[in-house]
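# Examining the three-dimensional arrangement
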Amino acid sequence: MIAFLGLGRMGVPMAGRLVTAGHKVAVWNRTPRDVPGAEAAPSPAEAVAGADIVITMLSDPDAVFEVVRAALPGLRPGSVLVEMSTIGPDAVRRLRGLLPEAVGLVDAPVLGSVGPAAEGTLVVLAGGRREDLDRVADVLPVFGTVHEAGGPGAGASTKLAVMSMVVTAQVNLAETLAYADALGVGRTALLDVLGATPLAALAERLRPVAESGPFETRYALGLAAKDLRLATEGPGVVQSVAAAARDRLAEAVAAGLAGEDLTAVFPFAASAGSAPGQA
């Protein structure tokens with residue numbers, strides 16, 4: 001049996017894919033939500049009771065620790081916890097210390113949003129001991145393509161490295177378009193030029209929102225801000241460009257945009273104004 005803890009925008013379709021694949025699934029969420037074919041449990045401990053694999057898909061490290069602590073009484077020796085949230089390697093190490101030695105741990109955050117979660121085309125970045133990775137090797141492909149990143153914490157580290165590039169690039173494009181607006185350069189004309197550069201894929205993917213407005217929420221701006229905060233904190237981290245993007249997203253969160261899609265940074269950057277050297 002598989003227990004799935006956390007039924008947010010990503011969790012519901014991911015748990016649904018486990019059901020469709022023929023697994024017996026127990027689910028829990030703080031606010032009860034229905035996953036057809038899965039058994040809803042009233043608490044994390046009851047959800048994980050008897051489960052061979054436990055999956056967490058939650059908003060941040062604090063939420064993961066809180067839910068895992070609540071699940072501890074039900075975790076059985078020999079089970080494996082697969083942590084699929086974006087919490088960073090330091091939190092993975094703390095999580096390992098929280099778990100009984102007899103419970104395995106795989107950190108497997110994902111790349112992709114709600115659509116890929118429903119379609120099973122996420123990219124899963126898996127880290128862990130060989131024996132733990134082997135025990136979930138038949139389950140993780142249900143969610144998409146699995147890339148084994150290395151030992152414990154490697155999946156979490158890889159996710160932060162990727163997001164520090166991907167999210168920063170999107171914020172930077174929003175800043176660039178705001179700067180172009182200030183110079184009187186048409187957005188469509190600028191995007192056409194960017195389409196002839198190595199940034200073509202990003203420019204074309206975001207052209208609709210740049211020209212017409214934000215997408216429906218697929219990757220919440222507040223979560224993107226959290227991801228960049230995790231990617232830019234800690235001793236020895238040098239992420240000056242990502243830190244500037246983090247600060248811009250923090251401003252957007254303070255303006256009440258946390259629940260909007262990350263693409264809401266485009267109109268936000270335009271309204272805030274942008275000039276060379278600003279972030």
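In this report, the structure presented in the accompanying data block is examined.

Reading the values: the criteria
- Residues numbered from 1 in each chain as written.
- Predicted model: local features only at pLDDT ≥ 70, side-chain atom pairs only at ≥ 80, totals over all residues.
- Heavy atoms only, no water.
- Salt bridge = Lys/Arg side-chain N within 4 Å of Asp/Glu carboxyl O.
- Helix = DSSP H or I, 4+ residues; strand = E, 2+ residues; numbered from the N terminus.
- Buried < 20%, exposed > 50% of the residue type's maximum accessible area, 1.4 Å probe, protein only.
- 1 Å grid on protein atoms, 1.4 Å probe; cavity = no way out; pocket = protein on both sides within 12 Å on 5 of 7 lines; lining within 4 Å.
- Points joined across faces, edges and corners; volume = space filled by probe spheres on them.
- Nonpolar A, V, L, I, M, F, W, Y, C, P; charged D, E, K, R; others polar.
- Domains from an automatic or database assignment.
- Axes fitted to C-alpha atoms, helices over the stretch in contact; angles between N-to-C directions.
- Parallel < 35°, antiparallel > 145°, perpendicular 65-115°, else oblique.
- Contact = heavy atoms within 4.5 Å.
- Core = buried A, V, L, I, M, F, W, Y, C linked by side-chain atoms within 4.5 Å.

Let us now look at the pattern of salt bridges. According to the stated counting rule, one finds 16 salt bridges in the structure shown. In this structure, the salt-bridge partner of Glu 66 is Arg 30, at a minimum N-O distance of 3.3 Å. With Glu 66 in helix H3 (residues 61–71) and Arg 30 in the loop between strand S2 (25–28) and strand S3 (39–40), this residue pair connects regions lying 36 residues apart in the sequence. For Arg 30, a relative accessible area of 52% puts it in the exposed group. Linked by salt bridges that have partners in common, Asp 192, Glu 204, Arg 207 and Glu 211 make up one network.

Here the focus is the layout of surface pockets. Taken as a whole, the largest pocket encloses approximately 1000 Å³ of empty space. Around the largest pocket sit 40 residues that line it, and Met 10, Arg 218, Tyr 219, Ala 220 and Leu 223 are the ones nearest its centre. Every element with two or more residues in the lining of the largest pocket is listed here: strand S7 (110–111), helix H7 (154–183), helix H9 (200–212) and helix H10 (221–232). The element best represented in the lining of the largest pocket is H7, accounting for 6 residues. Residue composition of the lining of the largest pocket, by class: 19 nonpolar, 12 polar and 9 charged. Here the lining of the largest pocket spans two domains, since at least three of its residues come from each of domain 1 (2–151) and domain 2 (158–273). Empty space within the second largest pocket amounts to approximately 340 Å³. Contributing to the lining of the second largest pocket are 19 residues, with Ile 87, Gly 88, Asp 90, Leu 230 and Glu 233 lying nearest its centre. Looking at the lining of the second largest pocket, the elements that each hand over two or more residues are H3, helix H4 (89–98), H7 and H10. In terms of residues, the lining of the second largest pocket owes the most to one element, H4, which gives 5 residues.

Viewed as axis vectors pointing N to C, H3 and H4 meet at an angle of 10°, and their least axial separation amounts to 11 Å. Judged by the angle between their axes, H3 and H4 are roughly parallel. Listed contacts from H4 to Pro 61, Val 64, Phe 65, Val 68 and Arg 69 of H3 are Ala 91, Arg 94, Leu 95 and Leu 98. Across the contact of H3 with H4, the residue classes tally to 7 nonpolar, no polar and 2 charged.

So, on to the nonpolar core. Counting residues in hydrophobic clusters, the biggest one holds 31 residues, and the most contacted among them are Phe 4, Val 82, Met 84 and Phe 143. At the level of elements, strand S1 (2–5), helix H1 (11–20), S2, strand S4 (53–56), strand S5 (80–83) and strand S8 (122–128) are the ones that each hand at least two residues to this core. Per-element accounting of this core gives the leading share, 4 residues, to H1.

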